[in-house]
Amino acid sequence: MLRGRRAKLVAALTALALLGSACTSRDDDEATTDDDAAATGESSIDTADCVSDPTTEIEGDTIRIVSSYPQSGLTAAFAEIARGWKAYFDKVNADGGVEIAGTTYQIEYDDQDDQYNAAETAANIDEMVGPEGDGAFAVFSGVGTANNLAIRDTLNELCVPNVFAATGSTAWGNPDYPWLIGSSLSPYSLEGYMFAQVLEQENPSATVAMLVQDDRFGAEYEEGFRRAIEGTDIEVVAVEQYTTGASEVGAQITSLAASGADAFFNGGTLLACPDALTKKAAANWEAITWVSSTCLSDTLMGLAGEAASGVWGAANLKDPLNPDWDDDPAMIEYLDTVRQYQPDGFRETNAVVGYGYTQGVLFVEALEAAEAPTRLAVMESVRNLEISDVGLLLPDVTITTGEGDYFMGESLQLAQYEFTAEGARNHFVPQGELVSFEGETAELTPEDLINE
Amino acid sequence: MQLFIEQVLNGIGNGVVYGSVALALVLVFRTTGVLNFAQGEMALFSTYISWKLTTTGMPVVGAIAISMAIAFIAGAATERTLIRPMEGRSPLNVVIITLGLFLGLNSLAQLIFGVDPQQMPTPFPEGSVSFIGDARIQKETIGLIVVLLLECLALWFLLNRTTLGLKLRAVAGNPDSARLHGIRAGSMLMLGWGMSAAIGALAGSLVAAERTGFDSSLMQTILVYALASAALGGFASIWGAVIAGLVVGIADALTIQYVDALDGIEVVLPLALILVVLVVMPNGLFGKRTVERV
Amino acid sequence: MSEKSGAALEPMIGVAPEDVAVVPTGGEPSLWPVVPRPVLGVRIVIGVVLAAAALYAPFYFQPEMNRVLSQAVYLAIAAMGLNLLTGFNGQVSIGHGAFFGVGAFTSAILMIDYGWTFEPTILVSAVLTGVFGLLVGLPALRVRGLYLALVTLGLAVLFPRVAQKFVEGTGGVALLRPSRSEFSSLIDGLDDDQWAYLLSLAIMVVLFLLAWNLVRGRVGRAMIAVRDQEIAASTVGVNLAGTKVATFAISAAYAGVAGSLSVMIDRIADGTNPILYFQRSIEFLVAMVIGGAATILGPAVGALLLVMLRRNTENLIEGKEVLSPAIYGGALIAIVFVLPEGVVGGVRRLLARLGRRSVAAAAAARPPVVADPPPTTSPDDSH
């Protein structure tokens, strides 16, 4: 929500900055980091309206991080994200703590269950952070787009950071909410561009059918893809929606298959995703298929089995299912960390835990790069990242944020699913070079998705 | 036309699922007078048991059979310990108890069996057969239809042509009066719950097998549609529940295909359907007219 | 639950045995506690103690706790609404969550899109949901018992989906959050959370008094008559349709007010969760039953109990959070077992045992079934 003239000024300046940064070419992977705005004492975040002062230093020797995510109810599987970052924070604490601008702090973390209910998330965060914002230093890895949207106004007013929001929504790049930022999950709209690239290779004049969820998540896929194919010969000929939470999409697939499209964008998540793949196979519908990044889990792809053979997807993290990483030092370190600190019920092929772990690593890196142990400095650090080769990031992936670019996951590795046999270690096999959209998400995504 | 037939087949595929669960609901209602909101979650728990047994190498049919037996005992025990004490008291108390069971069973299933989606193997052959023109129907669906028909026949026969069935219905109608006739009401009530739990276990296991995968959310949407089907069919009729299930399933599939305006709110259709039908026929499509003595 | 046919007055002659279904009634259901109310003196003492506690609470507790208590207050209002419909009038609804939602979104939309201040929106919500309740109550006349419950369930399931389709809130999702400043205390010296609690409490007291008055009067007796013996009631001139539809409208309005207040207390109107309003409907029902159906204090007590229960079973066992719903469900079952007539029913029984009330006097306390007693009988003899 816009709050008066000052906010509009910030937005205007940010827009100008955006235009400027959009001019950098795609090849500039080695782009030097902007001089940290924080280093010069100036901030890109307007702190005049902050209810609580974000320049106060952390008291004592603990930095308190809070989170709200589903721990019971139908979406309890998302709790596995926390296993990853908790294990990493435990390790950091055991090794002495995190050093922020000269002082070492122990990371104290706390969380509450919200059962994926946005109103619950709002209540939890209100309680944990407090009406004055003194209940916690920052909010970390909240799960769910609606859930993070529900708390963004409050945290913005309080000037409390909400970092590494665990969804790929493009809303996290909204310049009106400088205290909110996403995670290494790539923005959903970019998946459309990746699929468009696949089609340019395989069938440049393909007709495409799309299955999307009937909410914002689905809209980001649909609008992102449509934007991506503008000016190409690719055409969307059919779109079907399914109800959020549905686990069966037979009627939708029948309808889409009837279009005879050459390609299929499977924007389904959770059980709808593998169901779409099996129903597609049962309908004998042959099409170049894309799966949502939310479907890249061993269980979901495993359920689809042979029907998942040959589907395309993209990621920027190392997949524990891929035998190529078995001897990788980073993978080994990750597995050891979780085995040691959060072993109860840990399933080692679960990529979701690896995602959580990597966010923990990235956050600690950001903390250590902060100029001062204050919220403002930490947020500035998160908004000016240049990190690679940490956690489970793929080798050439750089997490970069900066003036006008508040999306972390803009480098993606295209991959295709290889199904060898039932029960075998079927996994995604990387194809080709890393694709980088560095700094371009804002330009590539329909504006109203980001700025709503 | 081709597409229409295919969607109708999709609808039948889901419809038999709704009908199976509706069957369990109607059965427990006809034999004990209680609407069991926990029916879906009881079926879910039994489905997890079936699945767990198959992971030990047991053949699917055997696993489901054992699961049904366990469900029967558990259902009967539930009636005896949780529902019977509420006899004669407000029916709303029973509603609360079934709600408590609903929450409890779902949560326990997650605790015991984990939160990740699993795959239930199918007892039916894979593949599909030709139906009309190019439209194909899954062998699994045919299997489900056959099982459902057999269940209906068996239950109808039991309830309407056997003494046991007569006793069951008598107890449901008026337990005290039945007791005066020498019928062991308690046993009949337990039998009713046991049978419907077993039927639920069968339905759940077969549904999970038909699906690509299942998790603790399996029965949540199905329950709403199954309740709608049971209501549409009029809670008094076994066949009514099944036919209504098919109607709901087909209507849902056709809505997804042809009515874009209802994208995302297709669930409005079965509900609107019930409302319209009940306003015109207050006892459901197949229900019997009830008479109340003053 | 027994089913009653609209054609119940038709003669039995000419109806073949197969045409008539034996409808399960489970014996004589005593839906509502037949427990004597305590002596006037005792009731006054209880009332004063409760009032004092309720008024002192916001100044004693932290804002977080006040918020929880305020939630109990709006839940109590909704539960009372349901109590009027289900407890006193016998129409079972598991869809009042939808009315709650309409009230919540009405307030949120008026505030965010049209710049209204909060307090007037409560009235609009009440009227709007009342009308909505009327519209639902009309076809509900044809639908009885179990079927009504299921149709209303449909409403609760439908509402979030409709909201998602038509409401565009923050970030384009069906979520509305008015800012905190909109709910500033209107009374100097009162903190925002205290003001929210006291305003809600005041509204609750007014609505409860209205309900109490309603139930004691002619309309109330008509409602109860319709509940207990519909046919007999119609033969003595009670307007069945009018009573039932009016009760539906009133109870919907209560739920709407509760929804409106929830916007002040939770600062959110959320349409993104498909099962939220179904869960709300269940909450109202549970609060009503565990508090004591067809009583006046019941919904309030039940609401408080429910909120406390929910709060204390969340995250109870570290490492086994998935179990929280099971603990909560188990607690509900336990409560219903221990107090099958709700807390109020249980307390009354206790007091009756302790007190010296006779059975005859207890019988006098029950509202009469017929609207007007015949002149030759004194009111105390009616049963």
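Bear in mind that the values here come from a model prediction, so they are computed numbers and not experimental data. Along each chain, the written sequence defines residue order, and numbers are assigned to residues from 1. Chain letters and ligand numbers both follow the written order, the letters beginning at A and the numbers at 1. At least 70 in pLDDT is required for a residue's local features to be given in this predicted model, at least 80 for side-chain atom pairs to be given and counted, and no such filter applies to totals for whole chains, interfaces and linings, which use all residues.

Working definition: helices are DSSP H or I runs of at least four residues, strands are E runs of at least two. Numbering for both runs from the N terminus. Within chain B, the regular secondary structure consists of 11 helices and two strands. Expected size for 294 residues packed as a compact globule is a radius of gyration near 19 Å; at 19 Å, chain B falls within 12% of this value. The dimensions of chain B, computed from C-alpha atoms along their principal axes, are 60 × 50 × 35 Å. For chain B, long-range pairs separated by at least 24 residues make up 73% of all intrachain contacts whose partners lie at least 6 apart in sequence. Only C-alpha atoms enter the radius of gyration, while the globule expectation follows 2.2 Å times N to the 0.38, with N the number of residues. Residues are defined as contacting one another if the C-beta atoms placed from their backbone atoms lie within 7 Å.

Residues and elements named next belong to chain A. Both faces of strand β11 (residues 312–315) are covered, namely the face carrying Trp312 and Ala314 and the face carrying Gly313 and Ala315. Note: β11 against strand β14 (residues 411–418), four bridges, orientation antiparallel. When the sheet's bridge partners are listed, Trp312 is paired in β14 with Gln416. Counts of 20 or more other C-beta atoms within 10 Å of a residue's own C-beta define buried residues, counts of 12 or fewer define exposed ones, and intermediate counts define partly exposed ones; C-beta atoms are placed from the backbone. For two strands to be treated as a pair, DSSP must find no fewer than two bridges joining them.

With that settled, the discussion passes to the confidence of the model for chain A. Where the model shows low pLDDT, its predicted coordinates should not be examined in detail. Each residue carries a pLDDT score, the predictor's confidence in it, ranging from 0 to 100. Confidence in the prediction of chain A, expressed as mean pLDDT, is 88, and 90% of residues score 70 or more. Here residues 1–41 of chain A is a poorly scored stretch, pLDDT under 50, and it has 49 contacts once near neighbours within four places are set aside; other chains count.

Let's shift gears to the environment of Ala219(A). All names here are of chain A. By the element assignment, Ala219 lies in helix α6 (residues 216–228). Ala219 gets classed as buried once you count the C-beta atoms within 10 Å, which come to 22. In this structure the C-alpha to C-alpha distance between Ala219 and Glu248, which are 29 residues apart in sequence, comes to 20 Å.

This paragraph deals with the domain arrangement of chain A. Residues and elements named next belong to chain A. Where each domain starts and ends comes from a domain assignment, either automatic or drawn from a database. As far as domains go, chain A holds domain 1 (4–16 + 58–186 + 329–409) and domain 2 (188–315). Just the C-alpha atoms count here: the centres of domain 1 and domain 2 sit 29 Å apart. The interface of domain 1 with domain 2 comprises 10 residues on the first partner and 11 residues on the second. Residues are grouped as follows: Ala, Val, Leu, Ile, Met, Phe, Trp, Tyr, Cys and Pro are nonpolar; Asp, Glu, Lys and Arg are charged; every other residue, Gly included, is polar. Looking at side-chain class alone, the side of domain 1 that touches domain 2 contains three nonpolar, seven polar and no charged residues.

Next up on the list: the sheet that holds strand β6 (residues 180–182) of chain A. Residue and element names in this part refer to chain A. Within the open sheet, the six strands sit side by side as β2-β3-β1-β4-β5-β6. Their pairing is mixed. Each edge of the open sheet carries a strand with a single partner, namely β2 (98–100) and β6. Geometrically, the sheet is characterised by an average inter-axis angle of 30 degrees between neighbouring strands, direction not taken into account. Pairing analysis gives two bridges linking strand β4 (residues 138–140) to strand β5 (residues 162–165), with the strands arranged parallel. Considered in β5, the bridge of Phe140 is made with Val163. Note on method: axes are straight lines fitted to C-alpha atoms, helices fitted across the in-contact stretch only, with angles between N-to-C directions ranging 0 to 180 degrees.

Here the focus is the nonpolar core. Among buried residues, those of type Ala, Val, Leu, Ile, Met, Phe, Trp, Tyr and Cys that are joined through C-beta atoms within 7 Å form a set called a nonpolar core. Residues Val21(B), Ala22(B), Ile274(B), Leu75(C), Ile77(C) and Ala78(C) are the most contacted members of the largest nonpolar core, which totals 364 residues. The greatest single-element share of this core, amounting to 17 residues, is contributed by helix α8 (residues 185–210) of chain B. Setting aside anything within four residues of it in sequence, one finds Leu75(C) in contact with Ala258(C), Glu283(C), Ala287(C), Ala303(C), Leu306(C) and Val307(C).

Next up on the list: the interface of chain C and chain A. Facing 24 residues of chain C, the contacting portion of chain A comprises 25 residues. Across the side of chain C that touches chain A, the residue classes break down as eight nonpolar, 10 polar and six charged.

A few words now on unusual backbone geometry. The residue Leu270(A) is not glycine, and still its phi comes out positive at about 50 degrees. Its place among the elements puts Leu270(A) in the loop between β9 (263–266) and α8 (272–282). Residues other than glycine seldom take positive phi values, yet Ala294(C) does so here, at roughly 55 degrees. With respect to the helices and strands, the residue Ala294(C) is situated in the loop between α10 (276–291) and α11 (298–313). Assessed through the 26 C-beta atoms surrounding it within 10 Å, Ala294(C) is described here as buried.

This next bit is on the packing of α10(C) against α11(C). Residues and elements named next belong to chain C. Across the interface, α10 lies against α11 with an axial gap of 7 Å and an inter-helix angle of 115 degrees. Classified by the angle their axes make, α10 and α11 are roughly perpendicular. Read as a crossing pair, α10 and α11 show a hand that is right-handed. Residue-level inspection shows Glu283, Val286, Ala287, Met288, Ile290 and Gly291 of α10 in contact with α11, the latter providing Gly298, Pro299, Ala300, Val301, Gly302, Ala303, Leu305 and Leu306. Classifying every residue of the contact of α10 with α11 by side-chain character gives 10 nonpolar, three polar and one charged. Should an angle lie under 35 degrees it is considered roughly parallel, over 145 roughly antiparallel, and from 65 to 115 roughly perpendicular; all remaining angles are considered oblique. For a crossing to be left-handed, the near helix must be turned anticlockwise from the far one by less than a right angle; the clockwise case is right-handed.

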